[in-house]
Amino acid sequence: MTEESAADRPTIAQRRHLLDMDRAALEDWLMEAGQERYRAAQVLQWVYERGAITFDVMSNLPKDLRTWLAERADILRSRIAGESVSRDGTRKLLLAWPDDQTVETVWIPDGTRHTACLSSQVGCPVGCRFCASGAAGVQRDLTAGEIVEQAWRVRALVSAMAEGGGRLSNIVLMGMGEPLANYDAVVKAVRILNAPWGLGVGARKITLSTVGLPKQIRRLADEGLQLNLALSLHAPNERLRRELIPWGKVPIEELLEACAYYFQRTGREVTLEYVLLADVNMQPEHADQLARIVRRLRCNVNLLRYNAVPGLPFARPTAEAAFAFQSRLRELGVNAHLRKSRGADIEAACGQLRRRTSQVADTQ
């Protein structure tokens, strides 16, 4: 390594976030510094396979390289600013970044299945009327490294705390933000999450949820990935969808065409997500309208009872009402699943922990 004075060393803003670099970028960076290409593989193995959080432990690297890396790069950038644990085992983390912006990520254990629910933006631009995430709009996009770091942290929890051991098996991009509005960073993160040198989560175990951006859906279809795509529909007609989702101005017909293209290109069935809001979107006529949509697309429907957000004018439906809506859909030939709500006792609905923490800070 070349010698240099402290004045020549990078500032915090200039430091590299290791989780933001793919293998090729790390190889190039190290080779520019006079290192051999294979050193990148060693660093990545320490970070992703062994869970290293400092460069000091990387014992097969020369000491001067470890020092050089420590002066110029960070493995982790976040700190845990808040945490809550549900009776059902769901664990939500509030992660704070160096600029003091915060996002949520969630570990959802279910037997041997361990899922990380990741955020893609600080806040959300979509502004769904029933969601806590978009209440204050969007502050900024997350980098690919910040998205990957959330999954890295959940995997560390799974490894340390899962009964009988365990591994991170599934990833859902269903946290704060609209993933396709931060397209480049999200796709880069997915490739790192999927890579054998990265977290190694199979593409078919990764689900991206979107409110529906047709151009980006088509672009994603051509990426050569085998992701699961979920369309957050939440309403079966144009009028109600626009009321619930301010961004829902794209005609449902156009969304269906984009989703059909996604299925054609990837062979992956699309999932329609439908949050059940008491007395809002689950009348018999809504089931009939939803069934007509489903007949036009190779898909299944996930129904989820709403987790109420204090201050918002929506309520969680009863279990009986939810089952009645599901039964009517099934009678109409719809493959509808009523998903189990997780973490309701810890405000696990997207954005609630961040919102509560911000409100407490504002009163101090």
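Keep in mind that what you see is a predicted model, and the values were worked out from it rather than measured. Just so you know, the residues in each chain are numbered from 1, in the order the chain's sequence is written. Restriction of local features to residues with pLDDT of at least 70 applies here, the model being predicted, together with a cutoff of 80 or more for giving and counting side-chain atom pairs; totals for whole chains, interfaces and linings are based on all residues. The basis for the side-chain values is all heavy atoms of the structure; hydrogens and waters are excluded.

In this section: the pattern of salt bridges. Opposite charge on two side chains permits them to pair, given that their charged atoms come into close proximity. We count a salt bridge whenever a side-chain nitrogen from Lys or Arg sits within 4 Å of a carboxyl oxygen from Asp or Glu. Applying the stated criterion across every chain, the model contains 18 salt bridges. A salt bridge links Glu146 to Arg140; the nearest nitrogen and oxygen atoms lie 3.0 Å apart. Categorising residues by exposure relies on relative accessible area from a 1.4 Å probe, with only protein chains included: less than 20% of the type maximum marks a residue as buried, more than 50% marks it as exposed, and the intermediate range marks it as partly exposed. When its relative accessible area of 8% is taken as the criterion, Glu146 is described as buried. We note a salt bridge from Arg219 to Asp184, for which the minimum N-O separation is 2.9 Å. In this pair, Arg219 is assigned in helix H6 (residues 214-221) and Asp184 in helix H5 (residues 183-194), connecting sequence segments 35 residues apart. The secondary structure listing takes helices from DSSP runs of H or I that are at least 4 residues long and strands from runs of E that are at least 2 residues long, numbered from the N terminus.

Bringing the state of the cysteines into the picture now. To count as a disulfide, a pair of cysteine sulfur atoms needs to be within 2.5 Å. This model, assessed by the stated rule, comprises 0 disulfides. Cys259 forms no disulfide, and the closest cysteine sulfur to it belongs to Cys299, at a distance of 8.4 Å.

On a regular strand, one side chain projects to one face of the sheet and the next to the other, so that they alternate. Summarising burial for strand S5 (residues 102-110): 7 of the 9 residues are buried, a large majority. Whether two strands pair depends on DSSP finding at least two bridges between them. In this sheet, S5 lies alongside strand S4 (residues 91-96) in antiparallel orientation, the contact comprising 6 bridges. In the strand pairing of S5, Lys92 is matched with Val106. A loop of 5 residues connects S4 with S5, the two strands running antiparallel in sequence, and Asp100 in this loop sits at a positive phi of about 70°. Note that S5 and strand S6 (residues 113-117) share 5 bridges and pair antiparallel. Bridging across to S6, Asp110 finds its partner in Arg113.

In spatial order, the strands read S3-S4-S5-S6-S9-S10-S11-S12-S13-S14; together these 10 strands make up an open sheet with mixed pairing. Each of the sheet's edge strands pairs with one partner strand only, and the pair in question is strand S3 (79-85) and strand S14 (336-339). For this sheet the average axis-to-axis angle between neighbouring strands, irrespective of direction, equals 25°. Both strand S11 (residues 228-232) and strand S12 (residues 270-276) contribute to a ladder of 3 bridges, which runs parallel. Bridge pairing in S12 places Ala230 opposite Thr271. Where helix H4 (residues 144-161) meets the sheet, its contacts fall on S3, S4, S5, S6 and strand S9 (170-173), and the angle it forms with S5 comes to roughly 40°. Contacts are assigned to residue pairs with any non-hydrogen atoms lying within 4.5 Å of each other. Helix axes use the C-alpha atoms of the stretch in contact, all axes being lines fitted to C-alpha atoms, and the angles between their N-to-C directions lie in the range 0 to 180 degrees. Docked against the sheet, helix H8 (residues 252-266) engages S11 and S12, running at close to 170° with respect to S11.

Notably, His234 is not glycine yet its phi reads approximately 70°, a positive angle. Residue placement: His234 occurs in the loop between S11 and helix H7 (238-244). Exposure remark for His234: the relative accessible area of 7% places this residue in the buried category. Unlike most non-glycine residues, Asp279 shows phi in positive territory, near 60°. Within the secondary structure, Asp279 sits in the loop between S12 and helix H9 (284-294).

Moving on: the confidence of the model for the protein. On average, residues of the protein carry a pLDDT of 91, and 90% of them reach 70 or more. Counted against residues more than four places away or in other chains, residues 354-364, with its pLDDT under 50, gives 14 contacts. By definition, pLDDT measures how confident the predictor is in each residue, and it falls between 0 and 100.

Within the secondary structure, Glu254 is located in helix H8. Take Glu254: its relative accessible area is 37%, and that puts it in the partly exposed class. Residues Glu254 and Asp110 lie 144 residues apart in sequence; the distance between their C-alpha atoms is 35 Å.

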